[in-house]
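Here's the letter readout for the chains.
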Amino acid sequence: MDPAAEEARHLGLRFQQGFLAGRRLSAFPWAHESIATEPLDELYDVLADILNKEESTTCYKSYLLPTGDSVTLSETVAIISQGTTGLVTWDAALYLAEWAIENSAIFSNRTILELGSGIGLTGIAICKTCNPKAYVFSDYHHCVLEQLRENIHLNGFVLESETGNHTKMQSQNQRTEVMDLQGPKITAAELDWDSVTKEQLSQLQVDVVIAADVVYDPQITSSLISVLQQLSASKTAGKPPEIYIAFTVRNPDTYHLFQTELGKVGIGWQVVPTHTKNLFLYDLHSNITLLKLLA
Ligand SMILES: C[S@@+](CC[C@H](N)C(=O)[O-])C[C@H]1O[C@@H](n2cnc3c(N)ncnc32)[C@H](O)[C@@H]1O
């Protein structure tokens, strides 16, 4: 393919990704040298119509996976709504999903617990691409859990708690049966870091724990650390779980507080090298770090 055609194909792909992921119009690569002609007036009219429309509070976004499949999510438009940050997908969730897809062996045939899952991007991407044995999504906010469960269904998965209904669905729909029998056991648990007990955590028997963008508020750091401490002391088949935490460093003080508090409970960490393939659209200049915790 000649370079101009290749560039045009790449540009088209960036538009497609941006459109499906519901990016702001201003984030699209409008001003690009490969567009030699002026856009049509009709296009400007349509754009003006769109910009004048009242925004709805929720939308559907699709994130394309390298398998050709996608993760489709119902998300809110506002970054904080219902008093929670959990109803949108944050950059660290996309980063963690990209890293997981590149390191799928860590998740394959294992039981995963995700803390503060929000509406499910990372976990659904892992369930679709990394072949986990079981995946426990968790959060504490009831609106977030409701939207998370809706998104799990939207992507063709059935929750373990619905396996009674599942038999009925199987006889009605052969495709669902095949997908569910092969897929991971999925749970969406209400798990509040302030009140969950050591027994509840160790009953989950997890091999891997992950979380994205849960280090943003000094007020919630101590309860998160206590959950991480309890998890790192638990054992599954004689081994403690591997724990990975991804977050955007917005305020260095919050990051340092997290590290200091980890140190106080005897948990070390190492920075995990970044993955090579950028699959999703997010701000590549935002300072995202992935830590592996060392008990
Ligand atoms: C910034 S959002 C990140 C959501 C998702 N992981 C992402 O990156 O898109 C933080 C999440 O942590 C959850 N959270 C905050 N405090 C919590 C607590 N005490 N127990 C459980 N989850 C909590 C919120 O409900 C929210 O879903």
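Note that the structure is a prediction, hence the values are computed from the model and not measured.

## Some details on the environment of E98
Now for step 1: Tracing the chain through its elements places E98 in helix 3 (residues 91-102).
Now for step 2: Spatially, the C-alpha atom of E98 lies 6.5 Å from that of L279, the residues being 181 residues apart in sequence.
Now for step 3: Among the polar contacts made by the side chain of E98, one reaches the main-chain amide nitrogen of F280 at a distance of 2.9 Å.

## Side note on the nonpolar core
Now for step 1: In terms of nonpolar packing, the biggest core is built from 46 residues, with W99, F107, I152, I210 and F280 touching the most fellow members.
Now for step 2: Of the residues forming this core, the biggest block, nine residues, is contributed by helix 3.
Now for step 3: Not counting residues up to four positions away in its chain, the partners in contact with W99 are I106, F107, Y244, V272, P273, H275 and L290.
Now for step 4: Formed by 28 residues, the second largest nonpolar core is a distinct cluster that contains L191, I245, Y255 and I267.

## Some points on the pattern of salt bridges
Now for step 1: For the coordinates displayed, the defined rule picks out five salt bridges.
Now for step 2: Where R110 meets E242, a salt bridge forms, and the shortest distance between an N and an O atom there is 3.1 Å. With R110 in the loop between helix 3 and strand 3 (111-115) and E242 in strand 7 (residues 242-248), this pair connects stretches of sequence that are 132 residues apart.
Now for step 3: For R110, a relative accessible area of 22% gives the class partly exposed.
Now for step 4: Notably, a salt bridge pairs E261 with K264, separated by 3.2 Å at the nearest N-O pair. With E261 and K264 both in helix 10 (residues 252-264) and three residues apart, this pair spans about one turn of that helix.

## Side note on the site of the ligand
Now for step 1: Taken together, 18 residues lie around the ligand, and W90, G116, D139, W193 and A212 are the ones closest in.
Now for step 2: The contact in question runs from an oxygen atom of the ligand to an N or O atom on the backbone of W90, over 2.9 Å.
Now for step 3: A distance of 3.2 Å is found between a nitrogen atom of the ligand and a side-chain nitrogen or oxygen belonging to D192.
Now for step 4: Of the residues contributing to the shell around the ligand, the split by class is eight nonpolar, seven polar and three charged.

## Section: the state of the cysteines
Now for step 1: Applying the stated criterion to the full structure yields zero disulfides.
Now for step 2: Its sulfur unpaired, C130 is 8.7 Å from the next cysteine sulfur, which belongs to C127.

## Some words on a negative patch on the surface
Now for step 1: On the surface, a cluster of negative charge is contributed by D41, E42, D45 and D49.
Now for step 2: Along the chain, D45 falls in helix 2 (residues 41-52).

## Digging into the sheet that holds strand 6 (residues 208-212)
Now for step 1: In space, the seven strands of this open sheet follow the order 5-4-3-6-7-9-8, with mixed pairing throughout. Edge positions in the open sheet fall to strand 5 (185-190) and strand 8 (268-271), since each of these has one partner strand only. Sheet twist, expressed as the average angle between the axes of neighbouring strands with direction ignored, equals 20°.
Now for step 2: Where strand 3 and strand 6 come together, four bridges link them in parallel fashion. Looking across to strand 6, one finds that L115 is bridged to A211.

Calculation rules
Residues numbered from 1 in each chain as written. Predicted model: local features only at pLDDT ≥ 70, side-chain atom pairs only at ≥ 80, totals over all residues. Heavy atoms only, no water. Helix = DSSP H or I, 4+ residues; strand = E, 2+ residues; numbered from the N terminus. Polar contact = N/O pair within 3.5 Å; in protein donor to acceptor, adjacent residues only side chain to side chain. Core = buried A, V, L, I, M, F, W, Y, C linked by side-chain atoms within 4.5 Å. Buried < 20%, exposed > 50% of the residue type's maximum accessible area, 1.4 Å probe, protein only. Contact = heavy atoms within 4.5 Å. Salt bridge = Lys/Arg side-chain N within 4 Å of Asp/Glu carboxyl O. Near = heavy atom within 4 Å. Nonpolar A, V, L, I, M, F, W, Y, C, P; charged D, E, K, R; others polar. Disulfide = S-S within 2.5 Å. Patch = residues over 30% accessible without salt bridge, like charges linked within 9 Å, V, L, I, M, F, W, Y side chains within 5 Å. Areas by Shrake-Rupley, 256 points an atom, 1.4 Å probe, with all protein chains shown as cover. Lys, Arg positive; Asp, Glu negative; His and termini not counted. Charge placed at Lys NZ, Arg CZ, Asp CG, Glu CD. Pairing = 2+ DSSP bridges. Axes fitted to C-alpha atoms, helices over the stretch in contact; angles between N-to-C directions.

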